[in-house]
Amino acid sequence: GFRGDFGNVFFGTWDTPHKLVSNLARGWWGGTNTLQGGTLTILANGSDSNIGNSGSSFFRRHRRSINYHSPDWSGFNLNAAFSSQNEATNIPDASDLKPRMMSIAGQFRTGPFFAGLGYEKHTDFGNVTSDDSSINATVGFTFAGAVRVSALWTQVEYDPGGGKTEHDGIALYVDWTLG
């Protein structure tokens, strides 16, 4: 990638900006680790690894992505990611499917307070005509440097070409530093 006063532009396998907003609420504990059980398996429909860019998860590391992370502007930053044209490599030329992923998010962190808002859209994933999207928001505060309270809201909408389905979820977390 390339980094400078303009921010950071980079390519490869990275967490999407939407996932980074979810990570604000729970960090490592938000995924599918065996200790916690995977809150975001429920809220974001699983956790796809970088093995393939298929599937409907909105908590993912995306392969062959083009990413931009802005510089920090007094605690605020923007992140964006787009999939490359390589998403269509395994699709026959005669197909109308053009799989793409787009993710964008804003985060604000200052002192003990943080907040984030993210949006992600998947088009034609899973070899079917589809428009799937998710929006998430998080907010949190750390009290006395030891007790961290955060909330995460996620709305996921699937449109596999035959009819929309939607689900919303909210999670509340309290983390206490003991030592």
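This is a predicted model, so every value here is computed, not measured. Each chain carries its own residue numbering, running from 1 in the direction its sequence is written. Restriction of local features to residues with pLDDT of at least 70 applies here, the model being predicted, together with a cutoff of 80 or more for giving and counting side-chain atom pairs; totals for whole chains, interfaces and linings are based on all residues. With hydrogens and water stripped out, all remaining heavy atoms of the structure feed into the side-chain values.

Q: Even after reading the chapter, I still don't get the nonpolar core, so can you show me in this structure?
A: Soluble globular proteins: nonpolar side chains tend toward being buried together. Among buried residues, the Ala, Val, Leu, Ile, Met, Phe, Trp, Tyr and Cys ones that are joined through side-chain atoms within 4.5 Å form a nonpolar core. With a 1.4 Å probe rolled over the protein chains alone, any residue whose accessible area is under 20% of its type maximum counts as buried; one over 50% counts as exposed, and the rest are partly exposed. Membership of the largest hydrophobic core is limited to 5 residues, which are Ala25, Leu43, Leu152, Ala171 and Tyr173. For Leu43, the residues in contact, after removing those within four places along its chain, are Leu152, Thr154, Val156, His167, Gly169, Ile170, Ala171 and Tyr173. Contacts are assigned to residue pairs that have any heavy atoms within 4.5 Å of one another.

Q: It is not clear to me how the confidence of the model for the protein chain should be interpreted in this structure. Could you clarify?
A: Detailed conclusions should not be drawn from predicted coordinates in areas where pLDDT is low. Per residue, pLDDT measures the predictor's confidence, with a range of 0 to 100. Looking at the protein chain, pLDDT values average 82 and 77% of them are 70 or higher. Strands here mean DSSP runs of E at least two residues long; helices mean DSSP runs of H or I at least four residues long; both are numbered from the N terminus. Confidence, expressed as mean pLDDT per element, reaches its minimum in the protein chain at helix α2 (residues 39-43) with 67 and its maximum at strand β4 (residues 76-83) with 95.

Q: When you look at the pairing of strand β6 (residues 113-123) in this model, what are you seeing that I'm missing?
A: Where a strand is regular, its side chains alternate between the two sheet faces. In β6, alternate side chains face the same way, and those of Phe114, Gly116, Gly118, Glu120 and His122 are buried while those of Phe113, Ala115, Leu117, Tyr119, Lys121 and Thr123 on the opposite face are not. A pair of strands is labelled paired if DSSP reports no fewer than 2 bridges between them. For strand β5 (residues 100-110) and β6, the ladder comprises 11 bridges, and the chain directions are antiparallel. Paired with Met101 across the two strands is His122, which belongs to β6. Between β5 and β6, which pair antiparallel in sequence order, lie 2 residues; one of them, Gly111, sits at a positive phi of approximately 55 degrees. In the sheet, β6 pairs with strand β7 (residues 131-143) via 11 bridges, with the strands oriented antiparallel. Residue pairing across strands places His122 opposite Asp132, the latter belonging to β7.

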